[in-house]
Amino acid sequence: MTSTAVSSPYSLFQLPLTRCCTLYTCDQQRNLHPEEHYVDRAGEVRSDMGRQGLSRDNTVRTPTPFRRAIRSCYQCGFALSASTPPIQGGVSARNYWIARWLAAQGHSVDVVTNAAEVESGYRIRLLQGDTEWLTPRFERGGVRIWGTEPHGPRSQHIPDHNPFVTKLTSLAITAIETASTDVVLGIYLEPYALAAYLAATLTNRPLILRHAGSDVGRLLQQPQLGPCYEQVLRNADLVCGSPSTLEHFSRIGVSTEHLYPDPGFAVPQEVFHPNVMPIDINRLLAALANDSGVPATGPFAPINRALPTIGIYGKVGISKGSYDLVGALGNLKERGRRFNFLTMCGGSPTEMTRFSEAIVRAGIEAETRHLPFLAHWRVPSFLRALTAACFLENRFPIAAHAPGIPQEVLMVGVPLITTAEIARKQSFAPALVHGHNILIVRDPRDHAELAGVLDRAIAGGDDLAALGDEGRRCVNPEGVEGCLARYEATLEHALVIRQRRTDPHRHAPIAPILAKQDASAWRSFPASRRLFWTIAKRIEALEPDRDAYLQALRLCSACAEHWHALSASLPPYTGEVLRFELHQVPDPDKIDAADTLLFRAPVADPESVIMTARNVTLRAFDHDMDALIHVLLDDQEAPAIWPHKPKYYVFQHLPGRSRNRVIRVSSTIYQLLTSIDGNSGINQLLRRVNAQNNLNSSTASQGALSTLLREGIIIAPPVSAVGSS
């Protein structure tokens, strides 16, 4: 390797790296329903994803393997480059693992990518043994990469630019024709969705598009970019996204029939676990110095392993809290604290120079070691080398951004220091408690507050190790199987949509027609919408005029004009269904109250006073609403009546969710919850409820209450001081 003079700690980011790339398929259709949670008799919260794997007649589906490859045009993180190794970033990691898992399931996956052309500031440093991870091969499936060549004299033109869209489109066409690909998948609008759209159109293949955060939040809003992206989205067979972005896509003209829930992601537990071996930092620093042809001193000097090590990884930026962390660590050094500071981060040359200068100003240059981005599968080893990991993103300009770094840190059992903004975005946010399983900073711009939390981590001890263990327990990550099933269902559904498009005899589905009238209302009330569907023909008879018929189906306005005739056709439980779904729509006032949960006391003494969390609503219903909703969402004919069977529910309003969390509880627990007055403890409430119902002490009730405490449904008074021990 060519020797490079190191003028700053960041010279190692400029080292030449190995070229690389990545790849996809599908299998089995599943009916997916909104997840609901139940407290069982043992006090555990369990989830039910509905009647997965059942057809409309409730018979088990036979898996339908697709032998041809699924083409994937991959996306980038925040820069205009493909997000697959050696590109750094969360989206790159997700793309890599999904491709690998699908290949392991026997699918042939081809990836069209320009990853080899990524800028040095966002490039992963591949170490010995990494290259075989890039194109995994399995007994029945594998990954194949189609990578673009660097822009050079042969492709120059005036005015010159790197023609990524043209190169990716050409490679995709070649790959599709070579592998007889069934479906084209484009992830991220620029340049991958555009290339995927062109390739799919020119080869007459179904097209699936997925977005990230920055492309929808920033690129789609640009007047010289947005109109093109909107046309591409309108012409895709499926557009996957979160509920909020699907709502936006509906407003810009994407047919509801072509909107589909994002299949999501599961953090790979095969590498993110607490037993992973820590990376040898000093050995890595020596290797980096050797590759650079410089002595292992200064930025490459070994660290003192006896000292606590604070670390960060990801992109550098103000909204990432990078500079706030440096400032707080500088404050701690002035107070005599000793520590190591490891950064596995990158960014533009200007950003990295600014970051380096901030470290010098803070006086922590001697404590700091800068590492290049390492491959996604090496991140757990980096984390295990830390005493605590920081992720301090705050006031991020794209509200929908939900990074996976916090979950990765917690899954390896390393204490996490993060912001309230990030903590409340996590799927397991109800289980997070400051000082018990996580360390939370309300505002990292308050360097005194941040330094107080960092000081607690630097002090270490058994309490910090216990905090890491508790953090790992609170995550409860999803397995790979569910994630793969959703991807396979998505890919198969795209084929179904394309078949409908090419079938001249098919009837226009009613879903997009209804959504055009009041998309936001219908999406919030799926079971209620199903009830209106079942009587569509009766309403049509009342209003032969098509427009008036559609207006009659609206929940909000014109429905009242026909209410007497309509109500005669609606089942008697319609009001209950509407009420149940209404309580699943988040209330902004209650969501604002959810932040107090992050600073609640971790464990309440059985005799200490408890209160119901302010982001919780309690409601009783006359019917088993879960069973009724499942019947309606399974596309069955709405039953004329439904058995009277009272059930009791807790609705938990959480930030960043399109629907509230639903927990079903027993009548005894519901009675106890409604009797909480803010002046009684758990044991006192249990004795009162047991006496009212002539019951003996119930272990099941105690277990359920413990679960509700852990999940933040009932809480002790919140902790007043954030940085206190």
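Quick look at the structure, then. (Residues numbered from 1 in each chain as written. Predicted model: local features only at pLDDT ≥ 70, side-chain atom pairs only at ≥ 80, totals over all residues. Heavy atoms only, no water.)

Once that is clear, we can look at the overall build of the protein chain. Scanning the protein chain from terminus to terminus reveals 27 helices and 22 strands. Relative to its 725 residues, the protein chain shows a buried fraction of 56%. Approximately 30,700 Å² of the protein chain is accessible, and the part contributed by carbon and sulfur atoms is 51%. (Helix = DSSP H or I, 4+ residues; strand = E, 2+ residues; numbered from the N terminus. Buried < 20%, exposed > 50% of the residue type's maximum accessible area, 1.4 Å probe, protein only. Areas by Shrake-Rupley, 256 points an atom, 1.4 Å probe, with all protein chains shown as cover.)

Before going further, it helps to examine the sheet that holds strand β16 (residues 416-419). The strand order across the open sheet built from 6 strands is β13-β12-β11-β15-β16-β17, with neighbouring strands paired in parallel fashion. The sheet is open, and its two edges are formed by β13 (368-371) and β17 (439-441), each paired on a single side. Strand-to-strand twist of the sheet, defined as the mean angle between neighbouring strand axes without regard to direction, takes the value 20 degrees. Of the pairings in the sheet, the one linking strand β15 (residues 388-391) to β16 comprises 3 bridges and is parallel in character. (Pairing = 2+ DSSP bridges. Axes fitted to C-alpha atoms, helices over the stretch in contact; angles between N-to-C directions.)

Further remarks concern unusual backbone geometry. Cis peptide bonds are those with omega within 30 degrees of zero, and the linkage from I158 to P159 qualifies with -10 degrees. Tracing the backbone shows P159 in the loop between β6 (142-147) and α3 (164-179). Cis geometry marks the peptide bond from E190 to P191; its omega dihedral reads 0 degrees. Relative to the assigned elements, P191 resides in helix α4 (residues 189-203). Despite not being glycine, Y188 shows a phi value in the positive range, around 85 degrees. Along the chain, Y188 turns up in the loop between β7 (184-187) and α4. Positioned with a positive phi, R395 is a non-glycine residue whose angle comes to about 50 degrees. In this fold, R395 is placed in the loop between β15 and α12 (405-411). The class for R395 is partly exposed, based on a relative accessible area of 47%.

We now examine the packing of aromatic side chains. Counted under the stated rule, the structure contains 15 aromatic pairs. Arranged with centres 5.1 Å apart and planes meeting at 75 degrees, the rings of Y96 and W97 form a pair that is edge-to-face. When sorted by exposure, Y96 lands in the same class as W97, which is buried. Ring geometry for Y323 versus F355: centroids 5.8 Å apart, planes at 85 degrees, classification edge-to-face. Taken together, the residues Y323 in helix α9 (residues 322-334) and F355 in helix α10 (residues 349-362) connect sequence positions 32 residues apart. By relative accessible area, which is 16% here, Y323 ends up buried. Ring pairing ties together the aromatic residues Y96, W97, W101, W133, F265 and W377, which thus form one cluster. Looking at R354, its charged tip hangs above the ring of Y323, at a distance of 4.8 Å from the centre. (Phe/Tyr/Trp six-rings, centres within 6.5 Å; stacked < 30°, edge-to-face > 60°. Lys NZ or Arg CZ within 6 Å of the ring centre and 35° of its normal.)

Note on pairing: side chains with opposite charge can pair once their charged atoms come close. Considering all chains together, one arrives at 23 salt bridges under this definition. Between D626 and R664 there is a salt bridge, and its shortest N-O distance comes to 2.2 Å. On the criterion of sequence distance, the pair formed by D626 in helix α24 (residues 625-633) and R664 in strand β21 (residues 661-665) is long-range, its members being 38 residues apart. Put simply, R710 and E711 hold a salt bridge, and the shortest N to O gap is 3.9 Å. Salt bridges here are not isolated pairs; linked through shared partners, they connect R335, R337 and D455. (Salt bridge = Lys/Arg side-chain N within 4 Å of Asp/Glu carboxyl O.)

Let's shift gears to the pairing of β7. Of the two faces of β7, the one carrying V184 and G186 and the one carrying L185 and I187 are both buried. In this sheet, strand β8 (residues 207-210) lies alongside β7 in parallel orientation, the contact comprising 4 bridges. When the bridges of β8 are listed, L185 appears paired with I208. For the segment spanning β7, α4 and β8, crossover handedness is right-handed. (Right-handed = clockwise from strand over helix to strand, strands pointing away.)

This next bit is on the packing of helix α25 (residues 667-674) against helix α26 (residues 682-692). Contact geometry for α25 and α26: axes closest at 10 Å, N-to-C directions at 125 degrees. In terms of axis orientation, α25 runs oblique to α26. For the element pair α25 and α26, the recorded crossing hand is right-handed. Judged by residue contacts, T668, Q671 and L672 of α25 engage L685, L686, V689 and Q692 from α26. Its residues placed into classes, the contact of α25 with α26 shows 4 nonpolar, 3 polar and no charged. (Parallel < 35°, antiparallel > 145°, perpendicular 65-115°, else oblique. Left-handed = near helix turned anticlockwise from the far one by under 90°. Contact = heavy atoms within 4.5 Å. Nonpolar A, V, L, I, M, F, W, Y, C, P; charged D, E, K, R; others polar.)

Along the polypeptide, E449 turns up in helix α14 (residues 447-459). For the buried residue E449, which engages in no salt bridge, the nearest side chain bearing the opposite charge is R442, 5.3 Å off. One polar contact links the side chain of E449 to the main-chain amide nitrogen of D443, over a distance of 3.4 Å. (Lys, Arg positive; Asp, Glu negative; His and termini not counted. Polar contact = N/O pair within 3.5 Å; in protein donor to acceptor, adjacent residues only side chain to side chain.)

Helix length check: helix α15 (residues 462-475), at 14 residues, gives a terminal C-alpha distance of 21 Å against a target of 20 Å (1.5 Å per residue), a fit within 8%. Here α15 has its buried residues at L464, L467, G468, G471, C474 and V475. Here the buried residues of α15 occupy an arc of 125 degrees about the axis, which is enough to place them on one side. Of the residues in α15, the exposed ones pointing more than 90 degrees away from the buried face are D462 and R473. Its buried side turned inward, α15 meets α12, β17 and α14. Trailing α15 by a residue or two, N476 shows a phi angle of about 50 degrees, which is positive. (Expected span 1.5 Å × (residues − 1). Arc of directions from axis to C-beta.)

With that settled, consider the pairing of β15. Of the two faces of β15, the one carrying A388 and C390 and the one carrying A389 and F391 are both buried. Pairing of strand β11 (residues 309-315) with β15, which is carried by 2 bridges, proceeds in the parallel orientation. Bridged to G311 within β15 is A389.

The topology assignment puts T617 in strand β19 (residues 616-621). The spacing of T617 and N660 is 43 residues in sequence and 10.0 Å in space, taken between C-alpha atoms. Leaving out residues up to four positions away in the same chain, T617 has contacts with H583, K590, Y649, V650, F651 and H653. In terms of polar contacts, T617 uses its side chain to reach the side chain of H653, at 3.2 Å.

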